[in-house]
Amino acid sequence: MSVSSFARTRRALASGQTSCRQIAEHFLSAVADKNPRLNAFTHVDEAGVRRRADYLDAVLSRGDKLPLAGLVLGVKDVLCIRDWPVTCSSRILQGHTPRFDATVIARLRAAGALFIGRTNCDEFAMGSTNETSYYGPVRHPTRDGWVPGGSSGGSAAAVAAGLCHAALGTDTGGSVRQPAAFCGVVGFKPTYGRVSRNGLIAYASSFDCVGTFTHCIEDAAAILDVMAGVDGRDATSASGVAPDCTAVLPGSVRGLRFGLPNEYFSDGLDAEVQEAIKRVAQQLKESGAEVIPVHMPHTDYGVATYYILAAAEASSNLARYDGVRYGYRVAAEALADMYSSTRREGFGFEVKRRVMLGTYVLSAGYYDAYYAKAQRVRTLVRKDFDEAFKHADVLLTPVSPVAGARFGEWGEDPLKMYLSDIYTVTANLAGVPGLSVPIGTHSQGLRIGVQLLGRPFDEETLLGAGDGLMVLAGTSD
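Below, the structure is looked at part by part. (Residues numbered from 1 in each chain as written. Predicted model: local features only at pLDDT ≥ 70, side-chain atom pairs only at ≥ 80, totals over all residues. Heavy atoms only, no water.)

### A short note on the nonpolar core
And then number 1: In terms of nonpolar packing, the biggest core is built from 119 residues, with Leu 108, Phe 124, Phe 258 and Phe 385 touching the most fellow members.
And then number 2: Core analysis: the next-biggest nonpolar cluster, separate from the first, contains 32 residues, Ala 156, Val 159, Ala 180 and Phe 213 among them. (Core = buried A, V, L, I, M, F, W, Y, C linked by side-chain atoms within 4.5 Å. Buried < 20%, exposed > 50% of the residue type's maximum accessible area, 1.4 Å probe, protein only.)

### Considering the state of the cysteines
And then number 1: The final tally for this structure, using the stated rule, is zero disulfides.
And then number 2: Left without a disulfide partner, Cys 216 is nearest to the cysteine sulfur of Cys 164, which lies 13 Å away.
And then number 3: Between Cys 245, a cysteine without a disulfide, and Cys 216, which holds the nearest cysteine sulfur, the sulfur-to-sulfur distance is 13 Å. (Disulfide = S-S within 2.5 Å.)

### Thoughts on the pattern of salt bridges
And then number 1: As enumerated under the stated definition, the model contains 19 salt bridges in all.
And then number 2: The shortest N-O distance in the salt bridge between Glu 25 and Arg 50 comes to 2.6 Å. Of this pair, Glu 25 sits in helix α2 (residues 20-38) while Arg 50 is found in helix α3 (residues 46-61), placing the two residues 25 residues apart along the sequence.
And then number 3: Looking at Glu 25, the relative accessible area reads 27%, which means it is partly exposed.
And then number 4: In this structure Arg 50 comes out as partly exposed when scored by relative accessible area, which is 25%.
And then number 5: Across the pair Asp 393 and Arg 455 runs a salt bridge whose closest N-O atoms are separated by 3.4 Å. (Salt bridge = Lys/Arg side-chain N within 4 Å of Asp/Glu carboxyl O. Helix = DSSP H or I, 4+ residues; strand = E, 2+ residues; numbered from the N terminus.)

### A closer look at unusual backbone geometry
And then number 1: Omega for the bond connecting Gly 150 with Ser 151 falls within 30 degrees of zero, at 5°, which places this linkage in the cis form.
And then number 2: Its place among the elements puts Ser 151 in the loop between β3 (114-119) and α5 (153-160).
And then number 3: Along the chain, Leu 249 connects to Pro 250 via a cis peptide bond; the corresponding omega equals -5°.
And then number 4: Phi is positive for Asn 39, close to 60°, though the residue is something other than glycine.
And then number 5: Along the chain, Asn 39 falls in the loop between α2 and β1 (41-44).
And then number 6: Residue Asn 39 is classed as buried on the basis of its relative accessible area of 19%.
And then number 7: At Cys 88, a position not held by glycine, the phi torsion is positive, near 55°.
And then number 8: Classification of Cys 88 by relative accessible area gives buried; the value is 0%.

### Some thoughts on the packing of helix α7 (residues 217-227) against helix α15 (residues 459-473)
And then number 1: Two numbers describe how α7 lies on α15: the axes approach to 9 Å, and their chain directions differ by 160°. Judged on the interaxial angle alone, α15 and α7 are roughly antiparallel. For the element pair α7 and α15, the recorded crossing hand is left-handed. In this structure, α7 uses Ile 217, Ala 221 and Leu 224 to contact α15, whose residues at the interface are Glu 459, Leu 463, Gly 466, Asp 467 and Met 470.
And then number 2: Counted by class, the contact of α7 with α15 contains five nonpolar, one polar and two charged residues. (Axes fitted to C-alpha atoms, helices over the stretch in contact; angles between N-to-C directions. Parallel < 35°, antiparallel > 145°, perpendicular 65-115°, else oblique. Left-handed = near helix turned anticlockwise from the far one by under 90°. Contact = heavy atoms within 4.5 Å. Nonpolar A, V, L, I, M, F, W, Y, C, P; charged D, E, K, R; others polar.)

So this is what it looks like as structure tokens:
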């Protein structure tokens with residue numbers, strides 16, 4: 001029995017070829033075998049997943065139907081799960097155990113999902129390589145010496161290595177789509193507001209989205225159908241009817257208009273990545289799709305705008321970690337000394353850098369010059385997308401300028417790491433849904449991904465296009 005995708009496992013479960021307990025044991029064995037090298041999981045709930053699997057088998061034996069029964073999920077270390085530790089892979093939250101489930105966790109649990117463990121990530125989701133975690137770096141699932149991407153690198157590596165069917169990540173500026181491309185899996189970020197952020201520990205509140213890593217579009221659609229919907233505990237969750245994305249599958253590209261933004265194919269893009277995307281564009285034309293150029297003039301301002309706004313929000317959100325209420329605490333006689341010592345020892349270097357940057361741009365002398373101006377540019381970026389979608393149904397772009405990075409390659413030059421987000425941050429600035437799907441292999445043995453961007457709250461078209469594109473590229477599960 002293949003357990004690469006949940007879609008296959010679900011069919012095997014329905015026909016009686018396997019059970020939830022057998023599925024759980026398979027993945028627990030895989031974690032025990034591969035995780036010591038990968039470091040993808042920082043916490044594995046062996047007893048809990050076995051107990052839950054036995055419960056689900058009993059439920060299914062009664063004839064009850066659960067849409068995600070048997071789905072084994074890894075969960076990024078930023079989403080609250082009752083009685084599980086959550087640390088954001090940071091020293092400052094050591095020992096913190098939430099008393100409630102995040103909304104997405106509660107909905108997935110009710111649908112029959114099995115949560116196997118916590119996946120490693122860059123500290124507080126700040127990073128593009130998964131090297132900033134307090135628990136050490138995550139290794140690429142197939143290429144020694146290369147990073148899995150970040151910040152959700154643990155989730156991407158776990159899915160790619162077969163340690164779970166799927167995994168939850170978060171995407172603030174590309175932290176689902178980029179590691180998915182590096183590891184050769186499907187990475188999906190819904191529209192901002194489509195999925196509740198209640199129970200998600202915030203990095204940048206107006207950017208953060210809960211996303212998924214899967215082996216196929218069908219699994220991403222099934223998980224979104226359960227997670228999506230308005231939540232009274234999250235004022236930013238969108239009202240309206242939640243999507244039925246599984247209904248549009250299998251997808252087709254015939255009749256769709258794919259826009260190629262000229263600004264996304266500039267100097268610095270790896271030649272093999274660019275060639276792979278051109279090859280896919282040609283396949284789309286031959287399959288009945290229209291491929292048209294579109295203009296997005298404010299793309300070059302995306303990285304600077306994103307890092308000003310995200311750092312400002314991080315500075316505000318992370319002010320609560322002071323050693324008083326929870327997590328790591330340094331003993332000191334004076335309260336101010338306790339604050340400063342706790343934050344100095346509790347936060348890693350990258351988090352400190354972004355908090356300092358955010359504090360600077362929010363300060364009285366620089367607020368209008370940086371933060372307020374960045375907000376105005378954000379509006380212009382959103383208008384670029386609005387204009388592009390007048391001519392195209394989906395945008396086709398690179399995910400990253402390169403197919404991967406070696407350990408330490410970006411650590412000494414943070415600007416190089418930040419600029420690697422040039423093709424992903426604009427989707428978060430505009431709040432549009434994004435999808436990364438594998439389309440080939442680089443000469444260095446790395447996977448190549450392509451990014452699809454869709455209209456706000458039109459995940460059905462986006463996922464359908466992604467499904468059809470993967471068939472054309474020969475990468476469907």
